[in-house]
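Each chain, letter by letter, is given below.
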Amino acid sequence: MAREAQSNLATTDELHLRRALHLAAAATALASPNPTVGCVIALDGQVLGEGAHLYDLFDHAEIVALKQAASLGHNVRGATAYVTLEPCAHHGRTPPCADALIAAGIARCVIATVDPNPLVRGAGIAILRAAAITIDIADSDSPIAQHARTLNDAFAFSIQYGRPFVTLKAALSADGFLAPPSSTRTPATPHWLTGPASRADVQLLRHNSDAILTGIGTVLADNPGLTDRTNLPRRRPLLRVILDADLRISLDSSLVASAIKDVLVICHPFAPIDREQRLQERGVDVERLNGEACRPGLIQTLETLHNRKINSVLVEAGPNLIANFVLWDLVDKLVLYTAPTSLGPGSLPFAAGIASPLDIATKLTHITRTTFPHNDSHDTRLTGYLHNPWSSIDT
Ligand code: AOF
Ligand code: ZN
């Protein structure tokens with residue numbers, strides 16, 4: 001992604017497509033489980049209509065833009081439609097956008113990326129071409145296409161693999177530890193490794209996720225809230241998922257106290273029934289699955305989340321759960337923050353049984369590095385992919 005590649009598009013085309021990307025990005029958390037998509041309709045440099053897809057309002061981005069142009073009294077005949085995702089070809093909750101663009105008299109369509117949905121993938125473009133509409137697609141390695149794809153990594157992954165896209169986030173000390181020794185930590189005195197700027201960035205990661213997942217060890221040690229505190233709008237609450245085989249979570253925990261049908265506790269089939277009842281009385285959802293924090297348990301958890309239309313899961317967990325996700329190859333994207341301070345020997349490792357977080361970092365592709373100010377120094381953020389969510393259209 002930190003690529004210098006030149007775009008194959010003209011400057012004005014780039015400008016309109018960037019505006020469409022901006023509109024799509026602003027609809028983050030309002031479009032899932034559908035992709036976030038933006039559209040700008042322009043003629044001779046003038047924008048006639050624009051919009052983004054919001055799941056609850058049904059209309060896809062192209063229709064929102066066409067309706068806006070109509071409401072402003074603009075004629076879109078001969079105009080260009082700029083879309084961040086290939087217009088759809090199928091009858092889903094709404095009729096195909098490709099047909100609507102043709103009916104409106106659009107002459108040209110500029111597309112940031114092909115739709116990875118097998119029902120659409122290339123079919124929307126084929127419909128438009130058959131109607132003699134000129135098509136321009138951003139080169140797949142251009143910054144604009146990469147941006148469009150990043151916005152919909154979770155959608156692309158889940159529609160292809162039938163399970164949510166998993167991002168593992170961890171904050172480490174300069175010497176690679178996850179937290180001070182357990183004996184020195186209490187929920188009342190949380191230990192922050194990274195500074196406020198990095199932590200605000202983590203809130204954006206949560207905002208971009210449909211669900212957040214942790215283990216009972218972290219809940220007992222830290223009593224976390226696991227909420228999206230960005231104050232940005234979202235169409236459904238961030239689903240807070242706790243792997244808690246024996247239902248040990250306290251009824252007084254922050255999670256239970258704040259549950260409004262947005263906390264899901266996964267336990268094993270023989271966990272105490274009375275605990276389940278008490279949790280359910282407090283608005284906590286409990287689901288019994290085979291396995292624990294091992295591969296069958298994790299896969300079944302991800303399947304359950306997929307059935308609940310969860311496209312993306314942010315894992316913020318302790319060393320044992322992190323190790324299981326890593327060892328069973330269930331981490332798709334890694335976001336690693338490193339603080340300037342060291343914790344020293346005896347602290348909690350990044351992942352149990354994995355000598356160094358750098359072992360996993362060497363396997364990453366599309367790496368980006370960013371810094372965030374932290375006192376007189378800075379935190380660093382490393383992001384990278386272990387699985388390509390867009391492999392279906394790259395091969
Ligand atoms: C577009 N423009 O703005 C979006 C598209 O269930 P439906 O009918 O809402 O269709 C969802 C599918 O349509 C989704 O899986 C993706 O392939 C495409 N999304 N397409 O032309 C849009 N959101
Ligand atoms: Zn559509």
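What comes next concerns the included structure. (Residues numbered from 1 in each chain as written. Chains lettered and ligands numbered in written order. Predicted model: local features only at pLDDT ≥ 70, side-chain atom pairs only at ≥ 80, totals over all residues.)

Comments concerning the overall build of the protein chain
Tallying secondary structure elements over the protein chain gives 14 helices and 16 strands in all. Over its C-alpha atoms the protein chain spans a radius of gyration of 23 Å, differing by no more than 12% from the 21 Å that the globule rule assigns to 395 residues. Along the first, second and third principal axes, the C-alpha atoms of the protein chain reach 70 × 50 × 35 Å. The 395 residues of the protein chain split such that 45% are buried. The contacts of the protein chain with a sequence gap of at least 6 include a subset with a gap of at least 24, amounting to 70%. (Helix = DSSP H or I, 4+ residues; strand = E, 2+ residues; numbered from the N terminus. Rg over C-alpha atoms; globule rule 2.2 N^0.38 Å. Buried ≥ 20, exposed ≤ 12 C-beta atoms within 10 Å, placed from the backbone. Contact = placed C-beta atoms within 7 Å.)

Brief notes about the sheet that holds strand β13 (residues 333-338)
Across the sheet, nine strands lie side by side as β11-β10-β9-β8-β12-β6-β13-β16-β15; this open sheet has mixed pairing. Edge positions in the sheet fall to β11 (285-288) and β15 (365-374), since each of these pairs with one other strand and no more. Taken pair by pair, the neighbouring strands of this sheet meet at an average axis angle of 20°, ignoring direction. The pairing of β15 with strand β16 (residues 377-385) spans eight bridges and is classified as antiparallel. (Pairing = 2+ DSSP bridges. Axes fitted to C-alpha atoms, helices over the stretch in contact; angles between N-to-C directions.)

Concerning the packing of helix α3 (residues 97-104) against helix α4 (residues 123-130)
Geometrically, a packed helix pair is captured by the angle between its two axes and the distance between the axes. Following both chains from N to C, one finds α3 and α4 inclined at 20°, their axes separated by 9 Å at the closest point. Here α3 lies roughly parallel to α4, going by the angle between them. For the crossing formed where α3 meets α4, the hand is right-handed. For the pair formed by α3 and α4, the contact residues are Ala 98, Leu 101 and Ile 102 on the first element and Gly 124, Ile 127 and Leu 128 on the second. The class makeup of the residues in the contact of α3 with α4 is five nonpolar, one polar and no charged. (Parallel < 35°, antiparallel > 145°, perpendicular 65-115°, else oblique. Left-handed = near helix turned anticlockwise from the far one by under 90°. Nonpolar A, V, L, I, M, F, W, Y, C, P; charged D, E, K, R; others polar.)

Description of the site of ligand 1
Around ligand 1 sit 17 residues, and of these Val 37, His 53, His 60, Gly 92 and Asn 117 come closest. A class-by-class count of the residues in the shell around ligand 1 yields eight nonpolar, six polar and three charged. (Near = placed C-beta within 6 Å.)

As for the pairing of strand β5 (residues 134-137)
Examined bridge by bridge, strand β4 (residues 108-111) and β5 share four bridges and lie parallel to one another. Looking across to β5, one finds that Ile 111 is bridged to Ile 137. In this fold, the crossover linking β4 to β5 by way of α4 has right-handed handedness. (Right-handed = clockwise from strand over helix to strand, strands pointing away.)

Quick notes on the packing of helix α1 (residues 11-26) against helix α5 (residues 143-151)
At a minimum axis separation of 11 Å, α1 and α5 run at an interaxial angle of 15°. Between α1 and α5, the crossing angle belongs to the class labelled roughly parallel. When you trace α1 past α5, the crossing you get is left-handed. Of the residues in α5, those in contact with Glu 14, Leu 17, Arg 18, Leu 21, Ala 24 and Ala 25 of α1 are Ile 144, His 147, Ala 148 and Leu 151.

Focus: the sheet that holds strand β2 (residues 46-52)
If you trace the five strands from one edge of the open sheet to the other, you get β2-β1-β3-β4-β5, paired in mixed fashion. Looking at the sheet topology across the chains shown, the edges are occupied by β2 and β5. Adjacent strand axes in the sheet meet at a mean angle of 15°, parallel and antiparallel pairs treated alike. The pairing of strand β3 (residues 80-83) with β4 spans four bridges and is parallel. When the bridges of β4 are listed, Ala 81 appears paired with Cys 109.

Some remarks on unusual backbone geometry
Residue Ser 32 is joined to Pro 33 through a cis peptide bond whose omega torsion reads 15°. Within the fold, Pro 33 resides in the loop between α1 and β1 (38-43). Although it is not a glycine, Leu 226 adopts a positive phi angle of roughly 55°. Among the residues examined, Leu 226 registers 24 C-beta atoms within 10 Å and is labelled buried. Positioned with a positive phi, Asn 231 is a non-glycine residue whose angle comes to about 65°. The exposure class assigned to Asn 231 is exposed, which follows from the 7 C-beta atoms found within 10 Å.

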